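Each chain, letter by letter, is given below.
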Amino acid sequence: VVVAKYLDMDLRDINYEQVIDTANQTRYGSVVKNINAFACTSRGQANRLAKWLLYMENVEREVVTFSTSIDAGVIVRPGQIIEIADPVKSGERRGGRIKSATTTAVTVDDITGITYAPSATLTCILSDGSVEQKSVSGVSSDVITVGSAFTSAPNANSVWIYQTTNIQTSTWRVLTVEENERSNYTVTANEYNAGKYAHIESGIALRTRDVTDLDLPPASPSGLVGE
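What counts and what doesn't
- Residues numbered from 1 in each chain as written.
- Predicted model: local features only at pLDDT ≥ 70, side-chain atom pairs only at ≥ 80, totals over all residues.
- Heavy atoms only, no water.
- Helix = DSSP H or I, 4+ residues; strand = E, 2+ residues; numbered from the N terminus.
- Rg over C-alpha atoms; globule rule 2.2 N^0.38 Å.
- Buried < 20%, exposed > 50% of the residue type's maximum accessible area, 1.4 Å probe, protein only.
- Contact = heavy atoms within 4.5 Å.
- Areas by Shrake-Rupley, 256 points an atom, 1.4 Å probe, with all protein chains shown as cover.
- Lys, Arg positive; Asp, Glu negative; His and termini not counted.
- Charge placed at Lys NZ, Arg CZ, Asp CG, Glu CD.
- Expected span 1.5 Å × (residues − 1).
- Salt bridge = Lys/Arg side-chain N within 4 Å of Asp/Glu carboxyl O.
- Core = buried A, V, L, I, M, F, W, Y, C linked by side-chain atoms within 4.5 Å.
- Pairing = 2+ DSSP bridges.
- Axes fitted to C-alpha atoms, helices over the stretch in contact; angles between N-to-C directions.

**Structural notes on the overall build of the protein chain**
For step 1, the next point in the chain: In terms of helices and strands, the protein chain carries five helices and 13 strands.
For step 2, the next point in the chain: In terms of C-alpha radius of gyration, the protein chain reaches 23 Å, well past the compact-globule figure of 17 Å for 227 residues.
For step 3, the next point in the chain: Along the first, second and third principal axes, the C-alpha atoms of the protein chain reach 70 × 65 × 35 Å.
For step 4, the next point in the chain: Counting every position in the protein chain, which comprises 227 residues, the buried fraction comes to 32%.
For step 5, the next point in the chain: Looking at the protein chain alone, contacts between residues at least 24 apart form 66% of all its contacts between residues at least 6 apart.
For step 6, the next point in the chain: Carbon and sulfur atoms make up 52% of the accessible area of the protein chain, which totals about 14000 Å².
For step 7, the next point in the chain: Across the protein chain, 20 positive and 26 negative side-chain charges occur, with their mean positions spaced 6 Å apart.

Structure below.
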């Protein structure tokens, strides 16, 4: 239960807006959180603030910390939205380093387990540090071909990510970037969902990205014989 205190301009007095998460209330009981809504002068603002707090407490709770090389560390800044392809979480390796590249064909370090899918995309870091995503038109040996050319050829040894509808990257908002030993950077980020604004403001169902195949149920056993 979140209670937001706001200034009611009609009554010219302090008022309170209460928002209840009935699902969690049934599960955990009533836990009351009071908020002083700064510069809030309407019931609608107070209601959205309370919904925001409930969302943050229930959804965006995961924090990740990882180390990266200088080529990525000098580009990433607090507040940016980044994508992570974690093979441990997804169940498959969908990213790595580029061996060589043109604007339409990228030769990657390892393509084990990756097959062409009509909806697949390839994301690469270009020579100016920008990130660009293109639709994949084919996969052959260690070469991934894209349907339309990148703005410039990705640099050798930069990062690539292959995505399909069943395994996508997870999105995160950068909190801090710390330099270590002048060559490595430690990045701390918080879980992020771009659909949260429409969910909080308009009550639209929250959509989540499919980031793993490890949650797929195995096929039922068949041809069993008992003795």
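**Focus on helix 2 (residues 43–58)**
In an α-helix, one turn spans 3.6 residues; hence positions three or four apart end up facing the same way.
For step 1, the next point in the chain: Between its first and last C-alpha atoms helix 2 spans 23 Å; for 16 residues at 1.5 Å apiece the expected length is 22 Å, and the two agree.
For step 2, the next point in the chain: Among all positions of helix 2, only A46, N47, A50, L54 and Y55 are buried.
For step 3, the next point in the chain: Looking at the buried side of helix 2, the elements it contacts are strand 1 (2–8), strand 2 (13–19) and helix 5 (196–202).

**Observations concerning the side chain of D213**
For step 1, the next point in the chain: On the secondary structure map, D213 appears in the segment after helix 5.
For step 2, the next point in the chain: In this structure D213 is buried but unpaired, with R94 as the nearest side chain of opposite charge at 5.5 Å.
For step 3, the next point in the chain: Setting aside residues no more than four positions away along its own chain, D213 makes contact with S90, E92, N166 and I167.

**What about the nonpolar core?**
Where a protein is soluble and globular, its nonpolar side chains tend to be buried together.
For step 1, the next point in the chain: Counting 16 residues, the largest nonpolar core has V106, L122, C124, I144, F150, W160 and Y162 as the members making the most contacts within it.
For step 2, the next point in the chain: Those elements that provide at least two residues to this core are strand 7 (105–108), strand 8 (121–125), strand 10 (143–146) and strand 11 (159–163).
For step 3, the next point in the chain: Residues contacting F150, with those up to four places away along its chain left out, are T103, V106, L122, C124, L126, E132 and K134.
For step 4, the next point in the chain: If you look at the next biggest cluster of nonpolar residues, it comprises eight residues, including V64, V76, V174 and V187.

**Description of the sheet that holds strand 6 (residues 95–101)**
Consider a sheet: its strands pair through backbone hydrogen bonds, and that pairing is either parallel or antiparallel.
For step 1, the next point in the chain: Strands sit in the order 6-7-10-9-8-11 around a closed barrel of six strands; the barrel is antiparallel. On average, each strand axis in the sheet is tilted by 45 degrees relative to the strand beside it, whichever way the strands run.
For step 2, the next point in the chain: Where strand 8 and strand 11 come together, four bridges link them in antiparallel fashion. If you follow C124 over to strand 11, its bridge partner there is W160.

**Focus on the sheet that holds strand 4 (residues 63–69)**
For step 1, the next point in the chain: With antiparallel pairing, the four strands of this open sheet are ordered in space as 4-13-12-5. The outermost strands of the open sheet, each flanked by one partner alone, are strand 4 and strand 5 (81–84). Averaged over all pairs of adjacent strands, the angle between their axes in this sheet comes to 45 degrees, without regard to strand direction.
For step 2, the next point in the chain: By the bridge criterion, seven bridges tie strand 4 to strand 13 (residues 184–191) in an arrangement that is antiparallel. The partner of T68 across the bridge, within strand 13, is Y185.

**Notes on unusual backbone geometry**
Peptide bonds are trans in most cases, and residues, glycine excluded, mostly fall at negative phi.
For step 1, the next point in the chain: Notably, N157 is not glycine yet its phi reads approximately 75 degrees, a positive angle.
For step 2, the next point in the chain: Locating N157 in the fold gives a position in the loop between strand 10 and strand 11.
For step 3, the next point in the chain: Even without a glycine there, the phi angle at R182 is positive, about 65 degrees.
For step 4, the next point in the chain: Its location among the elements puts R182 in the loop between strand 12 (170–180) and strand 13.

**Digging into the pattern of salt bridges**
For step 1, the next point in the chain: One pass over the structure, following the stated rule, counts seven salt bridges.
For step 2, the next point in the chain: One salt bridge in this structure joins R48 and E201, with 3.2 Å as the shortest N-O distance. With R48 in helix 2 and E201 in helix 5, the pair connects residues that are 153 residues apart, well separated along the chain.
For step 3, the next point in the chain: Here R48 falls in the partly exposed class, since its relative accessible area comes to 32%.
For step 4, the next point in the chain: In this structure, R93 and D109 form a salt bridge, with 3.0 Å as the shortest nitrogen-oxygen distance. One end of the pair, R93, is in the loop between helix 4 (87–90) and strand 6; the other, D109, is in the loop between strand 7 and strand 8, and 16 residues separate them in sequence.

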